[in-house]
Amino acid sequence: MFNSEDSITRLYNAMRNGDPAAAEQLSELIYSSLCRRAHNLLGTERHDAVVTTRGLVNEAYARLAGNLPAIQDRKHLLSLITKKMREILVDWARQRQAACRAGVVRSLDDENMREAEAVGLKGQHCLTLVEILEIDQALSRLAEQHPDWAELLELRYFGGLTVEETAEQMGLSRSVADRTAKRGVAELAKILGRPAGS
């Protein structure tokens, strides 16, 4: 997890006000945590992948730095970075799909694997480019009706967070996070036109 919430918020706001030293300090403070999350997100079972852990973090950080919105706290910053990582992976998947390459790019842990199987994905510990695009579109549709469910699943699929980290990020108990994930996964299955639990 990130260190001192006050330090992160203070440094981010200083960076927003143009302080280059604050930008460097913030980067040093959160970089290793972001790399761990990106590594969890990308996994080790990628084939012919162009996106690397550090590349994903650097690109997400650069995109965020290009347009610095106000943040409330560390959790808000993590949500913004997760959205940027999702954008990057979806952009990359679209580019790769256009080149007709559907290689495996997203490794799943056992918990995410059960969720992926519940929405009818391949049954391997990886998501393909096509599946990344399908999940992105389905999450966008889910967010129209159930933004909390979509946010939770976005943190799981695109943020690389564990169930415990997701619960903490959203201020939920683990049991509420589990129930929310199950509801969200069931709704994602409907959106994807797949039988739940297949």
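Residues numbered from 1 in each chain as written. Predicted model: local features only at pLDDT ≥ 70, side-chain atom pairs only at ≥ 80, totals over all residues. Heavy atoms only, no water.

Colleague: Can you walk me through the overall build of the protein in this structure?
Modeller: From N to C terminus, the protein includes nine helices and two strands. Counting from the amino terminus, the protein carries its helices and strands in the arrangement α-α-α-α-β-α-β-α-α-α-α. Counting the 198 residues in the protein, one finds 46% classified as buried. Considering only contacts within the protein whose residues lie at least 6 apart along the sequence, 66% involve residues at least 24 apart. Working note: accessible area of the protein is about 9,400 Å², and carbon and sulfur atoms make up 48% of it. (Helix = DSSP H or I, 4+ residues; strand = E, 2+ residues; numbered from the N terminus. Buried < 20%, exposed > 50% of the residue type's maximum accessible area, 1.4 Å probe, protein only. Contact = heavy atoms within 4.5 Å. Areas by Shrake-Rupley, 256 points an atom, 1.4 Å probe, with all protein chains shown as cover.)

Colleague: Help me understand helix H8 (residues 163-170) in this model?
Modeller: Each full turn of the α-helix corresponds to 3.6 residues, which orients residues three or four apart in the same direction. Residues of H8 that are buried include every one of Val-163, Glu-165, Thr-166, Ala-167 and Gln-169, and no others. Remark: Gly-171 follows H8 within two positions and exhibits a positive phi of approximately 70°.

Colleague: Even after reading the chapter, I still don't get the confidence of the model for the protein, so can you show me in this structure?
Modeller: Predicted confidence across the protein gives a mean pLDDT of 76, with 74% of residues reaching 70 or more. Of all helices and strands in the protein, the one with the weakest mean pLDDT is strand S1 (residues 104-107) (47), whereas helix H9 (residues 174-191) scores best (91). A low-confidence stretch, residues 119-125 stays under pLDDT 50, and its non-local contacts, those more than four residues away or across chains, total 26 contacts. (pLDDT = per-residue confidence, 0-100.)

Colleague: Got a minute to help me understand the environment of Arg-63 in this structure?
Modeller: Along the chain, Arg-63 turns up in helix H3 (residues 53-66). Considered as a pair, Arg-63 and Ile-81 are 18 residues apart in the sequence and their alpha carbons are 9.0 Å apart. If we ignore the near neighbours within four places in the chain, the residues touching Arg-63 are Lys-84, Glu-87, Ile-88 and Asp-91. Side-chain polar atoms of Arg-63 contact the side chain of Asp-91, separated by 3.2 Å. (Polar contact = N/O pair within 3.5 Å; in protein donor to acceptor, adjacent residues only side chain to side chain.)

Colleague: Even after reading the chapter, I still don't get the environment of Leu-42, so can you show me in this structure?
Modeller: In this fold, Leu-42 is placed in helix H2 (residues 20-42). Looking at Leu-42, the relative accessible area reads 2%, which means it is buried. With 117 residues separating them in the primary sequence, Leu-42 and Gly-159 have C-alpha atoms 9.8 Å apart.

Colleague: Just to check I follow, could you spell out the packing of helix H7 (residues 147-157) against H9 for this structure?
Modeller: Their axes nearest at 9 Å, the elements H7 and H9 cross at an angle of 95°. Of the possible angle classes, the one that applies to H7 and H9 is roughly perpendicular. Seen from H7, the contacting residues are Trp-149, Leu-152, Leu-153 and Tyr-157; seen from H9, they are Ala-177, Thr-180, Ala-181, Arg-183, Gly-184, Val-185, Glu-187 and Leu-188. Taken together, the residues that form the contact of H7 with H9 break down as eight nonpolar, two polar and two charged. (Axes fitted to C-alpha atoms, helices over the stretch in contact; angles between N-to-C directions. Parallel < 35°, antiparallel > 145°, perpendicular 65-115°, else oblique. Nonpolar A, V, L, I, M, F, W, Y, C, P; charged D, E, K, R; others polar.)

Colleague: How do you make sense of the packing of H8 against H9 when you look at a structure like this?
Modeller: Relative orientation of the contacting elements H8 and H9 amounts to 100°, with a least axis distance of 9 Å. Relative to H9, the element H8 is oriented roughly perpendicular. Along its contact with H8, which presents Val-163, Glu-164 and Ala-167, the element H9 presents Arg-174, Ala-177 and Asp-178.

Colleague: Would you take a moment to explain the side chain of Gln-169 for this structure?
Modeller: Position of Gln-169 among the secondary structure elements: in helix H8. Residue classification places Gln-169 among the buried positions, given a relative accessible area of 6%. In this view, Gln-169 contacts Lys-75, His-76, Leu-78, Ser-79, Leu-155 and Leu-161; residues no more than four positions away in its chain are not counted.

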